[in-house]
Amino acid sequence: MARLIGISDIHGELEKLCRVLEKVSPQKDDTVVFMGDYIDRGAKSKEVVQKIIDMQKVCNCVYLIGSHEYALLHANSDDYYHYLFWNYGGVKTVESYGSFDNILKIHGDFFKSLKFYYINGKYLFIHAGIRDGIPLEKQDEVDMVYIRREFYNKPHSLPYKIIFGHTEFDEPLIQSDKICIDTGCGKYKNSPLTAIICEDGCETFVNSD
């Protein structure tokens, strides 16, 4: 039976990503949804991005945009996102690639191709969440990569169980209509990277510890 696997908020932590992938062991028919924030903070952003691109040789892959990729793509055209990129871990990304220009030279097509959400059956995968009361196709893209409490503190009315990241918790936040899998990887030295496995209508978790 094919599995649906979500991984979010890797933040340049290549070794933790590799440990999670080894434990999950994706197979040809599985789909891995990478849910954004591949870069910044950790030392190996370039290697993380190349690793998840190479995973296309192993299984089906879906790539979503996170708040850090959004800031990267707008860093040269908007002062606010320029500040966010450079002050929330972007220096480590630039060091990983050798220069800011190299980021888009090497992986620009990948970053520009990232999707805002992905739906598979009863699940909706997204980086940060949605604003309730607004149809999915009319959601603001900034909300989808940056929203926090307005989303996770109350139920939503969409007909999906939403799998998201962006806001870190000590362990996965499990609610009846949503699950957050950001457990602080890259932000805190000893925090693990967590993956969710959706199979046969049930969700289980695997982390890098």
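Each residue is numbered by its place in its chain's sequence as written, counting from 1. A pLDDT threshold of at least 70 governs which residues receive local features in this predicted model, and a stricter bar of 80 or more applies before side-chain atom pairs are shown or counted, although totals over entire chains, interfaces and linings include all residues. As a rule here, side-chain values cover all heavy atoms of the structure and leave hydrogens and water aside.

A. Local environment of unusual backbone geometry. Of note, His11 is a non-glycine position whose phi angle comes to about 50°, a positive value. Look at His11 and you get buried, because its relative accessible area is 2%. Of note, Arg41 is a non-glycine position whose phi angle comes to about 80°, a positive value. Along the chain, Arg41 falls in the loop between strand E2 (31-34) and helix H2 (45-54). Three exposure classes are used, based on accessible area relative to the maximum for each residue type with a 1.4 Å probe and protein chains only: buried under 20%, partly exposed in between, and exposed over 50%. In this description a helix means any DSSP run of H or I spanning at least four residues, a strand means any run of E spanning at least two, and both kinds are numbered starting from the N terminus.

B. A look at the packing of aromatic side chains. Two rings from Phe, Tyr or Trp (for Trp, the six-membered ring) form a pair when their centres are within 6.5 Å of each other. A pair whose planes differ by under 30 degrees is stacked, one over 60 is edge-to-face, and the rest are tilted. All chains considered together, the criterion is met by 17 aromatic pairs. Both rings, one in Tyr70 and one in Tyr146, keep their centres 6.2 Å apart while their planes meet at 85°; by these two values the pair is edge-to-face. Taken together, the residues Tyr70 in helix H3 (residues 67-74) and Tyr146 in helix H7 (residues 141-146) connect sequence positions 76 residues apart. Classification of Tyr70 by relative accessible area gives buried; the value is 5%. Exposure remark for Tyr146: the relative accessible area of 22% places this residue in the partly exposed category. When the ring of Tyr152 is compared with that of Phe169, the centres are 5.5 Å apart and the planes differ by 85°; the resulting orientation is edge-to-face. Taken together, the residues span a long stretch of sequence, with Tyr152 in helix H8 (residues 149-152) and Phe169 in the loop between strand E6 (161-164) and strand E7 (173-174) at a distance of 17 residues. Among the aromatic residues, ring-to-ring pairing joins Phe34, Tyr38, Tyr63, Phe110 and Phe111 into one connected group.

C. Representation of the pattern of salt bridges within the structure. One side-chain nitrogen of Lys or Arg within 4 Å of one carboxyl oxygen of Asp or Glu is enough to make a salt bridge. A complete count under the given rule lists seven salt bridges for this structure. The residue Asp143 makes a salt bridge to Arg131 at a minimum N-O spacing of 2.8 Å. Of the two residues, Asp143 is situated in helix H7 and Arg131 in the loop between strand E5 (123-126) and H7; the sequence distance between them amounts to twelve residues. In this structure, Lys161 engages Glu203 in a salt bridge whose closest nitrogen and oxygen atoms are separated by 3.4 Å. With Lys161 in strand E6 and Glu203 in strand E10 (residues 202-207), the pair connects residues that are 42 residues apart, well separated along the chain. Look at Lys161 and you get buried, because its relative accessible area is 18%.

D. The arrangement of the side chain of Lys178 in detail. By the element assignment, Lys178 lies in strand E8 (residues 178-180). Any N or O atom pair separated by 3.5 Å or less is treated as a polar contact, with the protein-specific requirement of one donor-capable and one acceptor-capable atom, and with residues adjacent in sequence counted only for side-chain atom pairs. A polar contact is formed between the side chain of Lys178 and the backbone oxygen of Lys154, at a distance of 2.8 Å. A distance of 3.2 Å separates a polar atom in the side chain of Lys178 from a polar atom in the side chain of Asp177. With residues near it in sequence (within four places) discarded, Lys178 still touches Phe151, Tyr152, Lys154, Pro155, His156, Lys161, Ile162, Phe164 and Leu173. Contact definition: two residues touch when any of their heavy atoms are within 4.5 Å.

E. Structural detail: the sheet that holds strand E1 (residues 4-7). If DSSP finds at least two bridges between two strands, the strands pair. Overall, mixed pairing links the five strands, which are arranged E3-E2-E1-E9-E10 in an open sheet. Edge positions in the sheet fall to strand E3 (60-63) and E10, since each of these pairs with one other strand and no more. The average angle at which neighbouring strand axes cross in this sheet is 20°, direction not considered. Relative to E3, E2 runs parallel, the two being bridged by four bridges. Bridge pairing in E3 places Thr31 opposite Asn60. What counts as an axis is a line fitted to C-alpha atoms, over the stretch in contact for a helix, and the angles between N-to-C directions run from 0 to 180 degrees. Helix-sheet contacts for helix H1 (residues 14-24) involve E1, E2, strand E9 (194-199) and E10, and the interaxial angle to E10 is about 135°.

F. A look at the packing of helix H5 (residues 90-97) against helix H6 (residues 100-112). Direction vectors running N to C along H5 and H6 enclose 90°, while the axes themselves pass 8 Å from each other. Taken as axis vectors, H5 and H6 run roughly perpendicular relative to one another. Contact with H5, carried on its side by Thr93, Val94 and Tyr97, involves Phe100, Asn102, Ile103, Ile106, His107 and Phe111 of H6 and no other residues of that element. Each residue is assigned to one class: nonpolar for Ala, Val, Leu, Ile, Met, Phe, Trp, Tyr, Cys and Pro, charged for Asp, Glu, Lys and Arg, and polar for all the others, Gly among them. Partitioned by chemical class, the residues of the contact of H5 with H6 number six nonpolar, three polar and no charged. Orientation categories follow fixed angle ranges, with anything under 35 degrees roughly parallel, anything over 145 roughly antiparallel, 65 to 115 roughly perpendicular, and all other angles oblique.

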